[in-house]
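# Coordinates in review
Spelled out, the chains give:
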Amino acid sequence: MGGIQLFKDKMRDDGLGLLLKVNIVISTIFLGVSLMTLGKTLFISESEGLSFDASKRDFCSVLTKQIIDKKLSKSIITESLYELVTKDNYKDLYFEGDEKVSAVWSGEESCKVLVKTNTWLRSFDYFLEKDSKNKFYYKVKKITENELFEKENS
């Protein structure tokens, strides 16, 4: 009689294992079908007006950090602008080295970078040119600093 009970217990354990495996397979199939049908509405395609612009903001942030640290790479800026920026050890930009990039916005062909100093906020516009031949896809062709206070004409 003990052998029959052992056989019934073994069959019950195998049945639970099989039931668990069937449930996992069915759940996986259900999840896959759900993601395929709902996934189409969860993501907006680039053709609907959105583009991956984070790389442009990262590019402008790194560029600013390199200028602050006085270690600007020639591969991300035009040659003539590189000469102007690095002239006399970056003297014309008045960076002390302790400034931080506070925010970066990007447009179609430009970035705006907000830099925080110990006592001041500064804003720079970088005008970019796209070229797939460039190492970083973008190259800076012009830099302008925005004045915090406009000079009044008296």
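The secondary structure content of the chain amounts to three helices and four strands. Starting at the N terminus and ending at the C terminus, the chain contains elements arranged as α-α-α-β-β-β-β. In the chain, buried positions account for 24% of the 154 residues. A fraction of 41% describes how many contacts in the chain between residues 6 or more apart in sequence connect residues 24 or more apart. For the chain, the accessible surface area stands at approximately 12,000 Å², while carbon and sulfur atoms represent 59% of it.

Close approach of charged atoms allows side chains with opposite charge to pair. One pass over the structure, following the stated rule, counts four salt bridges. Asp69 is the salt-bridge partner of Lys65, the closest N and O atoms lying 3.4 Å from each other. Where Lys130 meets Glu108, a salt bridge forms, and the shortest distance between an N and an O atom there is 3.9 Å. One end of the pair, Lys130, is in strand β3 (residues 121-130); the other, Glu108, is in the loop between β1 (100-106) and β2 (110-116), with 22 residues separating them in the sequence. Look at Lys130 and you get partly exposed, because its relative accessible area is 45%.

This paragraph deals with the confidence of the model for the chain. When pLDDT is low, close inspection of the predicted coordinates is not appropriate. With 75% of its residues at a pLDDT of at least 70, the chain reaches an overall mean of 78. For the chain, helix α1 (residues 2-42) is the element with the lowest average pLDDT, namely 69, and β2 is the one with the highest, namely 92. With pLDDT under 50 throughout, residues 44-52 is counted as low confidence; its partners more than four residues away or in other chains account for three contacts.

Moving on, we come to the sheet that holds strand β4 (residues 138-146). Read across the sheet, four strands follow the order β1-β2-β3-β4 without closing on themselves; strand pairing throughout is antiparallel. Each end of this open sheet is capped by a strand with a single partner; those strands are β1 and β4. If you compare each strand with its neighbour and ignore which way they point, the axes differ by 25 degrees on average. Pairing analysis gives six bridges linking β1 to β2, with the strands arranged antiparallel. Counted as the bridge partner of Trp105 is Lys112 from β2.

Parameters and conventions
- Residues numbered from 1 in each chain as written.
- Predicted model: local features only at pLDDT ≥ 70, side-chain atom pairs only at ≥ 80, totals over all residues.
- Heavy atoms only, no water.
- Helix = DSSP H or I, 4+ residues; strand = E, 2+ residues; numbered from the N terminus.
- Buried < 20%, exposed > 50% of the residue type's maximum accessible area, 1.4 Å probe, protein only.
- Contact = heavy atoms within 4.5 Å.
- Areas by Shrake-Rupley, 256 points an atom, 1.4 Å probe, with all protein chains shown as cover.
- Salt bridge = Lys/Arg side-chain N within 4 Å of Asp/Glu carboxyl O.
- pLDDT = per-residue confidence, 0-100.
- Pairing = 2+ DSSP bridges.
- Axes fitted to C-alpha atoms, helices over the stretch in contact; angles between N-to-C directions.

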